[in-house]
Amino acid sequence: MGSLEGKVAFITGAARGQGRSHAIALAKEGADIIAVDVSTQVDTVPYRTATADDLAETVRLVEALDRRIIASEADVRDLAALTTAVDSGAAELGRVDIVIANAGINTMSPALEMEEVMWQTMIDINLTGVWKTVRAAAPHIVSGGRGGSIVITSSLASMVANENIAHYTAAKAGLVGLMQVLAKELGPQSIRVNTIHPTTVATPMILNDATFRLFRPDLAEPTRADFEEAALTLNTLPVPMIESEDISNAVLYLVSDAGRYITGTTHVVDAGGRL
């Protein structure tokens, strides 16, 4: 039996990247999955956002592990859609024990040149969308009376300042305060709440031309290799990026009984990026 046998996890941003990795990792440990993501392009984002085909591939991979998964389109800006998704999933799978508030975007601009819509979209998805995720899903953990775990994806950017991402940093830093209040409020129900803070992760949110150009403005058409050369300077360990699976391993610790007394913490997976 896996460490999460019989449990159900609600995961946002599950179509690809870290979200898909988390769904697979939790399914391998016995959890069933309620998965949501968008299927249309998010305005202001300079790379392709998730599609229905991406989410279908997550479904295929989880089902290949002989676990159940209920997947639907839902934008974290839409509380009603999130509520419908988690309510329907809980009705079919019988419970919710874990919430992984993972969905997020990345856009880039100097703060004083940023358009209002870019700022607002970031805050709506990366900060308010997390509150809406918890608002929709956490009541199911409370009503189950068994306790549970919520993991919120923040970022190393909430701890280490970098240019061109004031809106992203503000959102990710705000998640820490949200997490701490939730940990206080939900602790009496044995529900643990933590943030996780990755350094640069090799996902489509990072591996795109817009990011490559930001890191290598000295080149007309920078490649991934050019980006990685610059990204090496961000970490103490000699790696330009970490993998989604590295974050999933940390998530597994936080949601399983191995982390049963861990709550209200900022869990960093940064390859020494803060040093």
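> Outline unusual backbone geometry, listing residues and values.
Look at Asn164: it is not a glycine, yet its phi comes out positive at around 75°. For Asn164, the location among the structural elements is in the loop between β5 (148–153) and α5 (166–186). Despite not being glycine, Ala271 has its phi angle at roughly 50°, a positive value. Tracing the chain through its elements places Ala271 in the segment after β7 (266–269). In this structure Ala271 comes out as buried when scored by relative accessible area, which is 11%.

> Any details on the pairing of strand β1 (residues 8–12)? Residues and values, ideally.
The buried count for β1 comes to five of five residues, which makes it a mostly enclosed element. Where burial is concerned, the two faces of β1 agree: the one with Val8, Phe10 and Thr12 and the one with Ala9 and Ile11 are both buried. Bridge analysis of β1 against strand β4 (residues 98–101) gives three bridges, and the strand direction is parallel. Paired with Phe10 across the two strands is Val99, which belongs to β4.

Conventions we followed
- Residues numbered from 1 in each chain as written.
- Predicted model: local features only at pLDDT ≥ 70, side-chain atom pairs only at ≥ 80, totals over all residues.
- Heavy atoms only, no water.
- Helix = DSSP H or I, 4+ residues; strand = E, 2+ residues; numbered from the N terminus.
- Buried < 20%, exposed > 50% of the residue type's maximum accessible area, 1.4 Å probe, protein only.
- Pairing = 2+ DSSP bridges.

Keep in mind these values describe shape, not function.
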